[in-house]
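# Inside the fold
Next come the chains, spelled out residue by residue.
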Amino acid sequence: MWDSESESVTGRDYGNGILSSSKHGVKTGGFEQRDRSWYVATDIPSDFLVQVGDVNFHLHKYPLLSRSGKMNRLIYESRDLDLNKVALDDLPGGPEAFELAARFCYGIAVDLTAANISGLRCAAEYLEMTEDLEEGNLIFKTEAFLSYVVLSSWRDSILVLKSSEKLSPWAENLQIVRRCSESIAWKACANPKGIRWVYTGKPPKVSSPKWNEMKDSSPGRNSQVPPDWWFEDVSILRIDHFVRVITAIKVKGMRFELIGAAIMHYAGKWLPGLITDGAGFIDEASNSSNSNGNSSGRISWKGGLHMIVAGTKDDTPKVQAKDQRMIIESLISIVPPQKDSVSCSFLLRLLRMAIMLKVAPALVTELEKRVGMQFEQATLEDLLIPSYNKNETLFDVDLVQRLLEHFLVQEQTEISSPSRRSFSDKHMYDGTQRGANTSAKMRVARLVDSYLTEVSKDRNLSLTKFQVLAEALPESARTCDDGLYRAIDSYLKAHPTLSEHERKRLCRVMDCQKLSIDACVHAAQNERLPLRVVVQVLFSEQVKITNSLANSTLKESSEALYQPVISNRKTLLEGTPQSFQEGWATAKKDINTLKFELETVKSKYLELQNDMDNLQRQFDKMTNKKQTSAWTAGWKKLGKFTKMTNLEKTEIGSQVAAPEEQTRKTPRRWRNSIS
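What you see is a predicted model, and the numbers here were worked out from it, not measured in a lab.

What counts and how
Residues numbered from 1 in each chain as written. Predicted model: local features only at pLDDT ≥ 70, side-chain atom pairs only at ≥ 80, totals over all residues. Heavy atoms only, no water. Helix = DSSP H or I, 4+ residues; strand = E, 2+ residues; numbered from the N terminus. Buried < 20%, exposed > 50% of the residue type's maximum accessible area, 1.4 Å probe, protein only. Contact = heavy atoms within 4.5 Å. Areas by Shrake-Rupley, 256 points an atom, 1.4 Å probe, with all protein chains shown as cover. Phe/Tyr/Trp six-rings, centres within 6.5 Å; stacked < 30°, edge-to-face > 60°. Salt bridge = Lys/Arg side-chain N within 4 Å of Asp/Glu carboxyl O. Axes fitted to C-alpha atoms, helices over the stretch in contact; angles between N-to-C directions. Parallel < 35°, antiparallel > 145°, perpendicular 65-115°, else oblique. Left-handed = near helix turned anticlockwise from the far one by under 90°. Nonpolar A, V, L, I, M, F, W, Y, C, P; charged D, E, K, R; others polar. Expected span 1.5 Å × (residues − 1). Polar contact = N/O pair within 3.5 Å; in protein donor to acceptor, adjacent residues only side chain to side chain. Pairing = 2+ DSSP bridges.

Regarding its fold elements, the chain presents 28 helices and nine strands. Burial analysis of the chain (675 residues in total) assigns 42% to the buried set. Considering only contacts within the chain whose residues lie at least 6 apart along the sequence, 69% involve residues at least 24 apart. By element, 53% of the accessible surface of the chain is carried by carbon and sulfur atoms, the whole surface being about 38700 Å².

Written out as C-alpha cells, the structure reads:
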C-alpha cells in the first residue's frame, strides 16, 4: 500500500496508492506463483505464454490485447493468429514490472509505491498501454502518480531516482530522471521548514512511514535545520544522477560552499581511498557532527531533524576501478569554480587518485589548476604523492613543480587583473591584496622547504630538480632561509658523493644573510658545506652581531631619555586590572631575559675581538722581522763603498777646480789695477 506525506489525488482510480481497472475481461481471484512461473487463478485455462527473462507468465490473450498495443503488434504482425508464446527479454523493469502490468490488465488492484513506480511507468511505455486502447490506461495513471505524488515528496523523489538507475535509457527518455532531479534540487534549496516532507525524531520501524504517524514528530517552526540535511540522501544516488542533481542545484543558486561540501561528502562515501589515506576531510564537508550517520536500513537516521534515505547495505559501496575513474572525472567536472568551494586537502587527495587511476589528462590538468588556486592551504602530508608513472624518484616532484607554477600564475593574474572600483577603494584593495599575496607566498615557501627536506632523502632525486623547485619562488617569499638550509643539509647527507662544484651549485639557492644565528652556528660547524659557504656564513654572522650590538646601544640611550614616560606608564599600570599587570610582568621578564642574552653575546663578541687584535699584532711582528742573507749583506756593503767613492771623487774635483779659478781671475784683477 502506498503511504506518503503528500496529499492524495482525489477523483482518480489510483487514490490511496491502489491502482485498478474498472473493466474485467476475465474473472480471477489473483495470481499464483509456482517455482519460476506465474498462473492466473481462474477456471478458464490460459492460452498465452509470456516469457520475461527466466520467468514464465501463463495468461490469456484478450486482457493483454485490449490494453497493450505492443501485444497487438506482436500477434498481428506475425500473421499467426494461433500464436501462443511471446518473449519480452528487453522489457524495462523485468518480471516484477510485467507482473504489475499484467495484474492491471486483469483488473486486479496494484499497489503503487516509490520503489515500483518508475519500473511500471517504463513497462507501460514499452507495452504501449496508451489512452487509444482504453481510457485511464496504465501510462496515464502511472504518469499522474509520478506528477502528483512522487514529485511532491522529498523521500519519494530520492527513491524513484535511485530505482531509475536500472531503467536506462527508458527513465531518461520519459523525463523521470530530469523531473526527479529538479524536484530534489528545488526542495534542497528551499527552506526546509515550509515543505511537507518527512522529518522524524527517531528511526521509523517501517520502510515507508505514514504521514499521519510522522506529522506529530515533524520539526516545529522554531527548530533549527542544519544546512547539510540533504547530503546523505543525495549521496546514495549513482554518479550520473548525482551530477544531474548538483547541476540543478547550481541553477537554483545555492551557495557554492554547500555544493562543495556535498561533493566532498559524496566522494568520501563512494571513493574509499580518500578515507583510507586520510579521513580528515570528511569533517570539513560538514559542520554537523553527525555527517557519518548509520546506513544500516533502507531508511536510517543520522540524528538531528532530518531523515536519511540510505542504501540496503551496511558497508561502504564497493566500487571498481573503472567506476571510480568515472566518479572522479564526474566530480572534477562539477566542482564549483570558486576558490574555497572545497578544501585543498580534498583536491590533492582527488588528484592523487586521478593520477593513480589514469584519469583523462585534460581533467588532471584542470584539477592541478584548481589546486594551484589555493596551494597555500596545502599540507606536507597531502603533497607527498607517490610517483605512479614509474619514475626514478619516490615522490612525484614534477607534479609539485607544476602545482607551484599554477600558484604563481594565479597570483600574478590576481595582481594584474583590472578592477572596476573607485580610486580610493582600489588603493585599499590593492594594499590588502598585496599583503594577502605576500602572506600566501610565505606560507607556500615554508611548505616547499618542508617538502624539499622530505624528498631530499631520496637518493634518486637529481640536483637539477631540487634546484629548480627551490628557486621557483621569488626571493621575497622567504624572509628566513633556515628551512631551505635544512633541505640542503638533508640532501647533502643523502648524496655524499657530490663533487665540490655540485655542492657549490646546490648552496647557491640559499642566501646566507637570511639564516638565523642558530642556523649560522650549525652551518659554521657543518663539514658537508663547501668552505666558501662556511666563510660567507661566518661573515654574515659577524655582521648580524655587530648590528645587534649597535641596536642595543641605541636602545640603552633611548631608555635614558624616556625615563619619565616609563614612570608615568607604571603609574597607569597600577590602576589597571590584575590580568593586565600579570601580562605586563611576564612581558617584562621576557625583555630582561633577552637583554641578558644580548649582553652575553656582546661580551663574547668583545672577547673574540680582543683575541683577533692579539692575533693581528702577532702577525704584524712576524712580518716586520727581516731575515737577511750573506749575499744580500755583501751587496749592501758594495753599494755603500760605491757611494763613498763617488763622494771622494766629488770632493777632489772641487779642490782642483778652485786654484784654476784663482789663476784665471788674477790677470783680470791686474788689468783692472792698471786701468
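So that's the structure; there's more coming.
Moving on: the packing of aromatic side chains. Evaluation of the coordinates by the stated rule reveals eight aromatic pairs. Ring centres of phenylalanine 57 and phenylalanine 98 lie 4.9 Å apart, and the angle between their planes is 70 degrees; on these two criteria the pair is classed as edge-to-face. One end of the pair, phenylalanine 57, is in strand S5 (residues 55-59); the other, phenylalanine 98, is in helix H3 (residues 94-105), with 41 residues separating them in the sequence. Residue classification places phenylalanine 98 among the buried positions, given a relative accessible area of 1%. With centroids separated by 5.0 Å and ring planes inclined at 40 degrees, the aromatic side chains of phenylalanine 466 and tyrosine 491 adopt a geometry described as tilted.

Before going further, it helps to spend a moment on the pattern of salt bridges. Tallying each qualifying case throughout the model produces 24 salt bridges. A salt bridge links arginine 103 to glutamate 99; the shortest N-O distance between them is 3.1 Å. Of this pair, arginine 103 and glutamate 99 both sit in helix H3, separated by four residues, roughly a single helical turn. For arginine 103, a relative accessible area of 18% corresponds to the buried category. Given a relative accessible area of 16%, glutamate 99 falls into the buried group.

Moving on, we come to the packing of helix H4 (residues 117-126) against helix H5 (residues 138-150). Between H4 and H5, the least distance of the axes is 9 Å, while the angle of their chain directions is 150 degrees. As far as their axial angle goes, H5 and H4 are roughly antiparallel. Like other packed secondary-structure pairs, H4 and H5 cross with a definite hand, here left-handed. Residues Ile117, Leu120, Arg121, Ala124 and Glu125 of H4 pack against Leu138, Ile139, Thr142, Glu143, Phe145, Leu146 and Val150 of H5. Counted by class, the contact of H4 with H5 contains eight nonpolar, one polar and three charged residues.

Its 13 residues place the ends of helix H16 (residues 344-356) 18 Å apart at the C-alpha level, agreeing with the 18 Å of an ideal helix rising 1.5 Å per residue. Burial runs high along H16: twelve of the 13 residues are buried. Along H16, the positions that sit buried rather than exposed are Cys344, Ser345, Phe346, Leu347, Leu348, Arg349, Leu350, Leu351, Arg352, Met353, Ala354 and Ile355. Within two residues after H16, lysine 358 carries a phi angle of roughly 60 degrees, on the positive side.

Running from N to C, H16 and helix H17 (residues 361-373) point in directions that differ by 160 degrees, and their axes come no closer than 10 Å. Here H17 runs roughly antiparallel to H16, going by the angle between their axes. The two elements H16 and H17 cross, and the hand of that crossing is left-handed. Contacts between H16 and H17 pair Cys344, Leu347, Leu348, Leu350, Leu351, Ala354 and Ile355 from the former with Val364, Leu367, Glu368, Arg370 and Val371 from the latter. Looking at the contact of H16 with H17, its residues break down into ten nonpolar, no polar and two charged.

For the rest of this paragraph, the subject is the side chain of asparagine 72. Relative to the helices and strands, asparagine 72 resides in helix H2 (residues 69-77). At a separation of 2.8 Å, a polar atom in the side chain of asparagine 72 contacts the main-chain carbonyl oxygen of serine 68. In contact with asparagine 72, other than residues within four places in its own chain, are Leu65, Glu77 and Leu133.

Attention now goes to the sheet that holds strand S4 (residues 48-52). Strand order in this open sheet of five strands is S2-S3-S5-S4-S6, and the pairing throughout is mixed. Looking along the sheet, the strands with just one partner apiece sit at the ends: strand S2 (31-34) and strand S6 (85-87). Averaged over neighbouring strand pairs, the angle between their axes works out to 20 degrees when direction is ignored. Note that S4 and S5 share five bridges and pair antiparallel. When the sheet's bridge partners are listed, valine 52 is paired in S5 with valine 55. The sheet contacts of H3 involve S2, strand S3 (37-40), S4 and S5, and relative to S5 the element is tilted by about 10 degrees.

Moving on to the environment of leucine 83. Structurally, the position occupied by leucine 83 is in the loop between H2 and S6. Sequence separation between leucine 83 and aspartate 47 is 36 residues, and the spatial gap between their C-alpha atoms is 9.2 Å. Contacts of leucine 83, omitting those with residues within four sequence positions, involve Phe48, Lys61, Leu74, Ile75 and Ser78.

Shape is all these values report; function is a separate question.
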